[in-house]
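Chain by chain, the residues run as shown.
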There are 2 protein chains.
Amino acid sequence: MNIIDEVKFDDKGLITAITQDVKSDRVLMLAFMNRETLQETLETGKMVYWSRSRQQRWLKGETSGHFQIVKEVFIDCDGDALLFKVEQKGGACHKGYLSCFYRKLVENRWEKVLKKIED
Amino acid sequence: MNIIDEVKFDDKGLITAITQDVKSDRVLMLAFMNRETLQETLETGKMVYWSRSRQQRWLKGETSGHFQIVKEVFIDCDGDALLFKVEQKGGACHKGYLSCFYRKLVENRWEKVLKKIED
């Protein structure tokens with residue numbers, strides 16, 4: 001049985017992917033994959049998403065060099081979410097931070113708690 | 001400005017929430033909130049989701065006792081995903097595991113890598 005057959009894609013053909021740094025366990029980002037980009041991710045060992053805004057394949061790092069190398073893959077109980085532990089080259093966030101979750105709720109406001117990465 | 005105004009709910013009025021164990025940094029589950037359950041979560045300090053399958057408010061732990069106590073809250077760069085670090089009482093997964101991501105890809109199959117929690 002193909003492992004992808006156990007993955008439940010939604011009505012748009014997508015599954016949610018959480019990406020986590022394998023060393024620090026920091027959650028880096030949340031994005032989506034379709035069947036083809038999931039297949040490519042598993043075959044190549046590099047994270048390839050489906051961009052909902054651009055409606056196209058999105059090899060993370062293709063323009064920035066900030067590739068994500070797959071180290072471990074988990075699936076949740078319902079089969080409708082995936083968790084990837086990766087080695088993150090540079091930062092995951094297009095705004096220059098290691099993680100897209102660089103803002104934390106502090107005293108009723110969203111405060112930046114990460115510094116930008118120097119490339 | 002209300003911090004919830006910076007949260008971008010989707011066309012169904014939902015935002016994705018990743019829940020992570022504050023001590024181990026293990027990712028526990030992925031679920032959804034609407035404006036009301038996010039507000040309640042922030043006010044009460046207990047995770048309250050919106051169940052898409054049941055189409056109703058879902059106070060995590062209400063029947064199981066497996067409450068999730070909010071310790072830290074992060075928002076991503078696009079404002080369309082939230083990350084909650086929580087103190088998890090018991091297990092997060094309704095199947096009896098600490099995390100819903102209890103299956104890992106091992107040699108081309110999904111293998112259980114967590115044991116069930118004894119209550």
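Residues numbered from 1 in each chain as written. Chains lettered and ligands numbered in written order. Predicted model: local features only at pLDDT ≥ 70, side-chain atom pairs only at ≥ 80, totals over all residues. Heavy atoms only, no water.

### Concerning the pairing of strand S6 (residues 81–88) of chain A
Residue and element names in this part refer to chain A. Note the following rule: Only protein chains enter the accessibility calculation, which uses a 1.4 Å probe; a residue is then buried when its area is under 20% of its type maximum, exposed when over 50%, and partly exposed in between. The secondary structure listing takes helices from DSSP runs of H or I that are at least 4 residues long and strands from runs of E that are at least 2 residues long, numbered from the N terminus. At least two bridges found by DSSP between two strands is the condition for calling them paired.
Within S6, seven of the eight residues are buried, which leaves the element mostly enclosed by the surrounding structure. Pairing of strand S1 (residues 14–21) with S6 involves six bridges; the strand directions are parallel. Bridge pairing links Ile 18 to Leu 83 in S6. Summarising the sheet, strand S5 (residues 68–75) and S6 pair through seven bridges and their orientation is antiparallel. Note on S6: the bridge partner recorded for Glu 72 is Lys 85. Linking S5 back to S6 in an antiparallel pair, the connection comprises five residues, with Gly 79 at a positive phi of about 75 degrees.

### Here's the deal with the relation of the copies chain A and chain B
Stated precisely, the cut-off is as follows: Superposition of the copies was done by least squares, using only C-alpha atoms of residues whose pLDDT is at least 70 in both. Contacts are assigned to residue pairs that have any heavy atoms within 4.5 Å of one another.
Rotating chain A by 180 degrees and moving it 0.0 Å along the rotation axis overlays it on chain B with an RMSD of 0.0 Å. Taken together, the rotation and translation describe the operation of a two-fold axis. For chain A, the smallest separation between a C-alpha atom and the rotation axis is recorded for Asp 25 of chain A, amounting to 3.0 Å. Residue by residue, 100% of the interface of chain A is reproduced at the interface of chain B, so both copies engage with the same surface.

### Looking at a positive patch on the surface
For clarity, the threshold we go by: Patch building starts from residues that exceed 30% relative accessible area and form no salt bridge, then joins like charges within 9 Å and nonpolar side chains (Val, Leu, Ile, Met, Phe, Trp, Tyr) within 5 Å. Only the protein chains shown count as covering a residue, and every accessible area follows the Shrake-Rupley method with a 1.4 Å probe. Every case where a carboxyl oxygen of Asp or Glu lies within 4 Å of a side-chain nitrogen of Lys or Arg is listed as a salt bridge. For the purpose of charge, His is not counted, nor are the chain termini; Lys and Arg are scored as positive and Asp and Glu as negative. To locate a charge, the coordinates of NZ of Lys, CZ of Arg, CG of Asp or CD of Glu are taken.
The grouping of Lys 8 of chain A together with Lys 95, Lys 112 and Lys 116 of chain B at the surface amounts to a positive patch. Summarising the element assignment, Lys 116 of chain B is placed in the segment after strand S8 (109–112). You can call Lys 116 of chain B exposed: its relative accessible area is 52%.

### Brief notes about the pairing of strand S2 (residues 27–34) of chain A
All names here are of chain A. Counting buried residues along S2, eight of its eight residues qualify, which places the element largely inside the surrounding structure. For S1 and S2, the ladder comprises seven bridges, and the chain directions are antiparallel. Looking at S2, one finds that Ile 15 is bridged to Met 33. Linkage of S1 to S2, two consecutive antiparallel strands, is achieved through a turn of five residues, within which Asp 25 is found at a positive phi near 65 degrees.

### Let's talk about the interface of chain A and chain B
Let me state the cut-off plainly: Note on definitions: buried area is the accessible-area loss of two parts on being combined, 1.4 Å probe, summed for both. What qualifies as a polar contact is a pair of N or O atoms within 3.5 Å, subject to a donor-acceptor requirement within protein and to the restriction that residues adjacent in sequence count only when both atoms come from side chains.
Taken together, the contact between chain A and chain B spans 39 residues of the former and 39 residues of the latter. When chain A packs against chain B, the two sides together hide about 3300 Å² of surface, and 65% of this comes from carbon and sulfur. Per-residue buried area on chain A facing chain B is highest for Cys 77, Phe 101 and Trp 110 of chain A; these three make up 22% of the total on that side. There are four salt bridges connecting chain A and chain B. Glu 6 of chain B serves as the salt-bridge partner of Arg 103 of chain A, at 3.8 Å between the closest nitrogen and oxygen. Where chain A meets chain B, there are 14 residue pairs in polar contact (both at pLDDT 80 or more).

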